[in-house]
Amino acid sequence: MQMPFTRPDGTTPTERRFRQVIDTLQEVVFQTDLERQWVFLNPAWTEVTGFPVEESLGRSALDFVHPDDQERTLEVCKTLLTGEREFVQHEVRYLTRDGGFRWVDVFARVTFDETGTLVGMAGTLNDITERKRTSDALARRERYLTALVDMQQRLLSVPEGGDLYGPALAPLGQAAGASRVYVFETHTNAQGALLSSQRAEWCAPGVTPEIDNPLLQDLPMLPDLGRWVPILERGEVITGRVATFPASERALLEPQGVLSLLALPLRVQGRLVGFVGFDNCFEAREWDRLEVDLLSAASGAMSVALERRASERALREHEHRFRQLAENASDVLYLYRREAPRGFAYVSRVAHAKLGLGPEAHYADPELWYRQVHPEDRAVLERLLESPQSVDGATVELRFLRPDGSLLWLEHVVAPVTDPAGRVVAVEGLARDITERRQVEEALKRSEASLRALLEGFPDPAAIERDGHIVYANAVLVTALGFARAEELVGRRLSEFLSDMPGTGVVSGDSKPLTSERRLVLRDGRTRVVELASLPLRFDGQPAVVSIIRDVTEQRQLQARLTLADRLASVGTLAAGIAHEINNPLAFVVSNLGFLSDEFRHHLSPGPGVRGVRPPDVAEWQEVLGEACEGAERVRQIVRQLKTFSRPDEERMTPVDVHAVLDSVVMMAANEIRHRARLRRDYGTVPQVMGNEGRLCQVFLNLVVNAAQAIPEGAAHDHEVVLATRVSGGQVVVEVRDTGSGIAPEVMGRIFDPFFTTKPVGVGTGLGLSICHGIITGLGGDILVESTVGKGSTFRVVLPAPQPESADRSPEPAVPTEPVVPRGRVLVVDDEPAVGRVLQRLLRGHDVEVATSGRQALERMSRAPGFDAVLCDVMMPDLAGRDVYEAVRREYPGLERRFVFVSGGAFTSGAREFLEHIPNPLLEKPFDEARVRDAVEELVRHGPPDSV
């Protein structure tokens, strides 16, 4: 029968020892009356709950129980007070003074006074909060780690071109307990509005899929999801219960049955490209960060899993009280006598539940623990019981074997008991069961081993650093850096192999971003562009950082080429527009100058019949006109060079005259060369090559500009740039030689690498030669380089010569003698009046009518459609040439074959396609007067080709 607590003065040494044991226990020791009001609490109560003992005594124990656990606790107390159960043990939440709660393991029995009357309950409260958190964190970590391994295995098995999202969603959804997991990608429409479309989805059983919902394709992010965009762009998450979301978002989510949601951004180079969403359709629960970051969750699980119990405090008190409290403790309390008769003087009854051997077995066998202890721990047990003072209050862990063969871990805290002479006569101790904690530790060690296995099988380079030094490197990283063994990297800093990308804005220290773009410097000095992702974790029980490296060199090269292509397209559009605007006025300037020149020759030539004009004046006027014609011709040549950049059919392969390309390049690079070197052409006799004129122009312009920039300014008479062509081995060879600074031998092998440049920052991108190499090899040729430092360089472009055409051709028919051209009726359609007047003068031998718009031309044809020839501009503001052509073909069939189109060079894609599919000729501005007359005379004399 257990007696109620009293608080004696502790006049005897035993009572004082018992009192000290109780007050220094880490467990809360309590006693209540029949009304469940506290009548005794040891100091551990304040350590666990934060409530002072003095304020708590006299209050109901239920006042401190979590409201959700009060009803269950009341029922348990009733079963104990009514005698239905001898003791109770259950887990419950106790409130803390700071507003939170702690999980405790409650062990309680009823107490009686000296007369045997029931007076209340007594027992212990053991704080198991950390154990509960550790258990939950470990389970979640294992679940996520398993999902991560499963996801990685699935991704590794995805075939090329297969679904990358699908394999990842199922394990993540199952591990997170989500109802639906999906991926949205963001994109923009033609108007530049930001849209998002669902690309993949996984659904739990019983959840309706939304992958075929048309509302989730091309979904405008603004305005309905306008709140999401800035949050996701900052790398933050959207999470919460849908009921608290704005009305526009609820209107989209509630029809799908979504109660709570978590959306995580997908970002490339800091740019939002989509998001991953997790829906819960069964409960409106919050998503915590542990479920967002797998490695952070594992780190949290390990950090809370390691729990060390402080040494047990023992107060000596009255032996009756000590025994009564000890029986209600969950730890094994014992007193071991070293004097005869040696053996256990006291063992708490919980020893039966913990060790499988009750107090009676201990009392009967002094050597019991020596037989039950693990053989490897016997020496430690001897030191614990024979020399407790050597332990000095530290905790000692021992392994015991239960009678059923199972292993038990006990953490001991001992204190020596001395007699008045100071001799150690006994050992008082407390043994706590830490088996579960050690199992958790072992499980965490296995998790770390799983992490090693995962990283070793990871397809990307990975390293783990502690205190800034590498402690682990996977085989992929070792190979990528050019080393043979991982030991060569251990102890070094990963930062030794990394350098910041220009303009990435990477900061050092704790503020370094989670993901950054860096340059990875290999052992041989070569560099690769990589994305570096770093996350904190615990490795081998200590804080560390895992870094994953992904090679994005080819991806960045492709992006740079696309950017360059966009720039060239913009330049082409601009060039086309400039050419068109110049060609229109240039057409009538050139024609009018030619007209004046002809008039001078016919009417103002010096001679005896000319009166009022002196011959010297006529000669000077002719010289002025000649200079004006020469200037106009130079403008026309410049415009033709601009057209090289305005052609959309960049990939079209045609025979190309390399000499014409080189002359065009010289004209464009003349200003770059003029102040640095003399230009010399050494052209041989070479055939045309099959290629693309614009692409070849881009290659040789790059090589010529590089050659010029390799020569310092100010000494043009000492240097030269040579362009040479020849045929060698059935191939056309073009050489660009310079007498500049040359290329160092150590970088010769890298000049065609993407992003490699020896030019200062802001002068070169490192892509020019790489792109040139790609263009030439794409044409089936090769580009080689020879260089001597201080003497210059030679870039040699080798292009395949086209196959000779078959000589078996039918002879050209003899050109008959043309009769006198009859006078024809001609319609000129051009929105530039001056161009119309020029054509009217050129065709003075015919009846020429001029229309300044497409509509005016159709009106004239409606009145008198019998025109022998129609010269029509392609691009006009009201009705374009195509529109006029189509209208004539419908209304006056056959007349459309008499159209001759004229253009200043700026075509829309529709106009260009139209001209490619009709047989009608095209004349470019400024006009070649002979071609204009020939085209009109052919139509007037013979009509369209298919009408003969």
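Residues numbered from 1 in each chain as written. Predicted model: local features only at pLDDT ≥ 70, side-chain atom pairs only at ≥ 80, totals over all residues. Heavy atoms only, no water.

Asks: Sorry if this is basic, but what is going on with the pairing of strand β20 (residues 515-521) here?
Replies: Looking along a regular strand, one sees side chains alternate from face to face of the sheet. With respect to burial, β20 is a largely interior element, five of its seven residues being buried. The pairing of β20 with strand β21 (residues 527-539) spans seven bridges and is antiparallel. Paired with Arg-518 across the two strands is Val-530, which belongs to β21. (Buried < 20%, exposed > 50% of the residue type's maximum accessible area, 1.4 Å probe, protein only. Helix = DSSP H or I, 4+ residues; strand = E, 2+ residues; numbered from the N terminus. Pairing = 2+ DSSP bridges.)

Asks: Please explain the environment of Val-425 as it appears in this structure.
Replies: Tracing the chain through its elements places Val-425 in strand β16 (residues 424-433). C-alpha of Val-425 to C-alpha of Arg-337: the two residues are 88 residues apart in sequence and 6.3 Å apart in space. The residues contacting Val-425, other than those within four sequence positions of it, are Arg-337, Arg-338, Glu-339, Val-417, Thr-418 and Asp-419. (Contact = heavy atoms within 4.5 Å.)

Asks: How do you make sense of the sheet that holds strand β10 (residues 260-268) when you look at a structure like this?
Replies: Whenever strands of a sheet pair, they do so through backbone hydrogen bonds, lying parallel or antiparallel. Here six strands make up an open sheet; going across it, the order is β8-β7-β6-β11-β10-β9 and the pairing antiparallel. Lying at the two open borders of the sheet, with one neighbouring strand each, are β8 (219-220) and β9 (238-241). Contacts from helix α6 (residues 166-176) reach β6 (180-188), β7 (194-203) and β11 (271-280) within the one sheet, and its direction differs from that of β7 by about 65 degrees. (Axes fitted to C-alpha atoms, helices over the stretch in contact; angles between N-to-C directions.)

Asks: What exactly am I supposed to notice about the pattern of salt bridges here?
Replies: One pass over the full model with this rule turns up 47 salt bridges. Put simply, Lys-132 and Glu-91 hold a salt bridge, and the shortest N to O gap is 3.6 Å. Taken together, the residues span a long stretch of sequence, with Lys-132 in helix α5 (residues 129-156) and Glu-91 in strand β3 (residues 87-95) at a distance of 41 residues. What makes Lys-132 partly exposed here is its relative accessible area of 24%. Accessibility expressed as a relative area gives 30% for Glu-91, which makes it partly exposed. Arg-678 serves as the salt-bridge partner of Glu-720, at 3.7 Å between the closest nitrogen and oxygen. Within this pair, whereas Glu-720 is found in strand β26 (residues 720-728), its partner Arg-678 is found in strand β24 (residues 678-682), the two being separated by 42 residues in sequence. The exposure class of Arg-678 is partly exposed, given its relative accessible area of 43%. (Salt bridge = Lys/Arg side-chain N within 4 Å of Asp/Glu carboxyl O.)

Asks: Quick question: what am I supposed to make of the nonpolar core here?
Replies: Most often, soluble globular proteins have nonpolar side chains that are buried together. In this structure, Leu-696, Phe-700 and Leu-703 are the most contacted members of the largest nonpolar core, which totals 38 residues. Contributions of two or more residues to this core are made by α21 (658-674), α22 (693-709), β26, β27 (731-738), α24 (768-778) and β29 (792-800). For this core, the leading source of residues is α22, giving eight residues. Apart from the residues lying within four places of it in its own chain, the contact partners of Leu-696 are Val-656, Val-661, Val-689, Ile-776, Leu-779 and Leu-799. (Core = buried A, V, L, I, M, F, W, Y, C linked by side-chain atoms within 4.5 Å.)

Asks: Is there a simple way to think about the sheet that holds β27 in this case?
Replies: What the five strands build is an open sheet, ordered β24-β26-β27-β29-β28; its pairing is mixed. A single partner strand is all that each edge strand has here, and the edge strands are β24 and β28 (782-788). Neighbour-to-neighbour, the strand axes of the sheet open up by a mean angle of 15 degrees, direction not taken into account. Bridging between β28 and β29 involves seven bridges; their strand directions are antiparallel. Across the sheet, residue Ser-787 finds its bridge partner in β29, namely Ser-793. The sheet strands contacting α22 are β26, β27, β28 and β29, and the helix crosses β27 at an angle near 25 degrees.

Asks: I'm lost on the confidence of the model for the chain in this one. Help?
Replies: The predicted coordinates should not be examined in detail at positions where pLDDT is low. The pLDDT averaged across the chain works out to 78; a share of 75% of its residues lies at or above 70. Per-residue pLDDT stays below 50 along residues 295-318; that stretch engages in 97 contacts with residues further than four places along the chain or on separate chains. Considering only residues more than four positions removed or in separate chains, one finds that residues 806-810, a stretch of pLDDT under 50, has zero contacts. (pLDDT = per-residue confidence, 0-100.)

Asks: What am I meant to see in the side chain of Asn-126 here?
Replies: For Asn-126, the position within the fold is in strand β5 (residues 118-127). In this structure Asn-126 comes out as buried when scored by relative accessible area, which is 13%. Other than its neighbours up to four places away in sequence, Asn-126 contacts Glu-27, Trp-103, Val-104, Asp-105 and Ser-330.

Asks: Quick question: what am I supposed to make of the environment of His-412 here?
Replies: Note that His-412 resides in strand β15 (residues 407-418). Note on His-412: relative accessible area 0%, which makes it buried. His-412 sits 21 residues away from Asp-433 along the chain, and the two C-alpha atoms are 9.1 Å apart. Every residue in contact with His-412, bar those within four places of it in the chain, is listed here: Tyr-334, Trp-369, Leu-384, Ala-394, Thr-395, Val-396, Leu-398, Phe-400, Leu-430 and Ala-431. In terms of polar contacts, His-412 uses its side chain to reach the side chain of Tyr-334, at 3.0 Å. (Polar contact = N/O pair within 3.5 Å; in protein donor to acceptor, adjacent residues only side chain to side chain.)

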